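Residue-level structural notes
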Amino acid sequence: MNRLQQKLSTLVILLSLSLFANCKKQEEAAEVDERQSVFGGSAQSIEATGQNNLENEPTAFLRSRQGDAVNWQAWTPELLDWAHSEQRPILAVVANGDNPLTHSLLDELSSEGNKLAREMNESCVCTLVDVNANPELVFLAVRLTAEIGQPFGLPLFVWLTHEGNPVASSFPLASSVEGMIDAISESHSVVMNIWENSPSYIVKDSGEKAEGRREAVLTEIDDEERPDRAQAHEMLVESAGSLTALYDPASRSIDQVGGMLPSRMLGLSSSLADFPGLPAYLLPRAQEVVVEVLGQLMRSPMRDPLDQGMFDVRRGRGWVLPFPTKSVSSGAAASIAFAEGARLDESGSFATVAKELLQHQSETMGADGEGVGSYQSVVSGELGRETFFWKQKEIEELLTPQQFSVVSKAASLDPRGNIPSLNDPQAEYFQLNALAEAMTIEEIAKELGRDENEVQRELDAAWKALGAVRSEKVDSKKAVFVEDCRVAQHNADYARALLRSGDLLGDSALVDQGKALLSHMRGRFYSEKGGLWRIPPQEGRRGVKARGIDYACLIAAVLECYRLRLDEADLVWAESLARELTLRLASDDSRVGEISVEEAIVKYPYENREMVLGASTWGVLFGSMEQLRRVSDDKRFGEVADTLSAFLAPWLAKRVVAQTDYAQGLMVLAQDRVALLHGSDKELLDPLHRALRDHAFRGTVILGASGAQRKGSAEFPVPEGSGVTVVRNGKALQTFTSPEELREFLLNDLPGE
């Protein structure tokens, strides 16, 4: 998109305002003080009260901008009162700190003598919004960019009235930071000219448009029937087919998944690769795709060989050029995907990668034992190239000849760079190499004619040496920004990954870490008056109340913990969280929002329906509510599950990659059974419990002996003695004391059979 297209698309929303304002100005003979009619009273001086006010904000990203030249204010309800008293519009910059572009743009705004920063301070109440603290703003940003015909992207500049209604928005598309500043400056000039001409009309018109936007969101979903068990099973088989069709054997990449690491999609693919009832023709293909894609990722530059972490984002198709950003939630989902795929990998490499990913996150973002942070990212593209990519000659000078020969093979080093030019039309990575373990130790040893153990030692020493050099570069250049604030969503994702991966891999130490983290969250992430925090307050910093995604991820993690240890306290906690969620964030028709209407600054239906920048609240929550409806007396859980499923079912067929969370939850509906462990013979029950936790039975709800009477004996008829009774719709299907017979029954318990 060229500059003219950029400017025109940015100002589409303003065109009607501008025309009206000009006509109005010509028609009005009498001088009318529109500000008086809009605000009532005279304006205060913004210079007298305006200053950068980010020092007590909840995220490290926001606090890092407290020295900016722009007078950034906190994104709080008081912002509207201040804008009203100042008689000025609000200029909100919705940003993500894990994007190097964000840091570069904000640095340029704060450069000495920047004209746009001065104009923003003089004409607007400016606020910087971190989507890590306020993830709901992503969904408003998606809507606003669609209205002006632009692709979604951050940072997004949004002008609002003192009533919190958007007036205009712009995602500055340009080839340079300077060009982005110019584009924003032009848009800002137009907005302020219209504001000066007719603020009363802008306030009225933006209010009407906001109301129309809200109504459109609430009516754009087809309220269809909730799928039944047979339909859910059929939808999962179709999803498995769709996912395998996305894989391109020639390029060994997955199409239609964008630049984000498709870790959650790979987790679903791994779960479906042995899904009971999968057609015989599809089963080997599904398993092949899982092994191929995970194998490619493991040996690609997306996996950082210097610290065993996994990058979140790639450029172009394939896996050859990552952005040097790593996040906890993405890494946690990737660890589950590799742990799920480990059963298909005879070498044991997938299991190793799963454990290393979890260890990396603990060491880099959770070293203090108080949970984990959110992400780490380079602060500019230039610094990313200088610290995370290498020239072949530089590597050769840093390593011994033996080490260099091994690394050259492992990473396919090339004097011209090993990054294909088709992924980089501007050739800015020319002569630079990404690192990877693209060849196995066996392959390297065979090609070099050396012993495998010797090759492994040389490679380990080389990675260690290069890692030390990179760390020194990163520290000296201050190239990497680490977001260390503890967010409920990310900690819940990490806890669930520890529990799930530990169980799949038979690693009790990982399971214990997951349990300990949940215990920590139970004490740290609650307010004194009760209620979950997204970011707990600490050391004079304000906290942020939990959003829908925080509840969804934490409920899922707690239910995962219950599945493993069958402690009634976990189930009670999950129910308590679900009730708190429905009371705070569910509407009368059981639709779940990210934030309550009373708490929202911009009044908008913030619904996290599909995977935009990570997990989907509706998708994750659906599976948990389906589990809870089977073991709880609270009918609201089932109502929420039915509502979400009716809305999401049509979307799954259209684009499975955006609804993989929902597809995971469908396994509960497709299997539709409760496996009740009863009795006290631990020696008999433990093997039965392990059999129930098999990956093929993710949809089977497990209920411990202490929960036998939770819904009344009429619904859970419990026979005497120790064993497992499988129950569906209150009817006992069969009781088992043999793990083999239990597995056989569950594998063949399909709809219609």
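Coordinates for the structure precede this section.
In this report, we go over the structure that sits alongside the text. (Residues numbered from 1 in each chain as written. Predicted model: local features only at pLDDT ≥ 70, side-chain atom pairs only at ≥ 80, totals over all residues. Heavy atoms only, no water.)

1. What about the overall build of the protein chain?
The number of helices and strands found in the protein chain is 30 helices and 17 strands. Put simply, 72% of the contacts in the protein chain that link residues at least 6 apart link residues at least 24 apart. About 30,300 Å² of surface is accessible on the protein chain, with carbon and sulfur atoms providing 48% of the total. (Helix = DSSP H or I, 4+ residues; strand = E, 2+ residues; numbered from the N terminus. Contact = heavy atoms within 4.5 Å. Areas by Shrake-Rupley, 256 points an atom, 1.4 Å probe, with all protein chains shown as cover.)

2. Here we look at the sheet that holds strand 9 (residues 325–327)
An order of 9-10-11 is seen for the 3 strands of this open sheet, with the pairing classed as antiparallel. Each having just a single partner strand, strand 9 and strand 11 (480–483) make up the two edges of the open sheet. Neighbour-to-neighbour, the strand axes of this sheet turn through a mean angle of 15°, independent of strand direction. When strand 9 meets strand 10 (residues 375–378), the two strands line up antiparallel, connected through 3 bridges. In the strand pairing of strand 10, Thr325 is matched with Ser377. (Pairing = 2+ DSSP bridges. Axes fitted to C-alpha atoms, helices over the stretch in contact; angles between N-to-C directions.)

3. Points about the pairing of strand 1 (residues 90–95)
In terms of residue burial, strand 1 counts as a mostly covered element, since 6 of its 6 residues are buried. What you see with strand 1 is no split at all: Ile90, Ala92 and Val94 on one side and Leu91, Val93 and Ala95 on the other are buried throughout. Both strand 1 and strand 2 (residues 125–130) contribute to a ladder of 6 bridges, which runs parallel. Bridge pairing links Leu91 to Cys126 in strand 2. The sheet contact formed by strand 1 and strand 3 (residues 156–160) spans 5 bridges and is antiparallel. When the sheet's bridge partners are listed, Val93 is paired in strand 3 with Phe157. (Buried < 20%, exposed > 50% of the residue type's maximum accessible area, 1.4 Å probe, protein only.)

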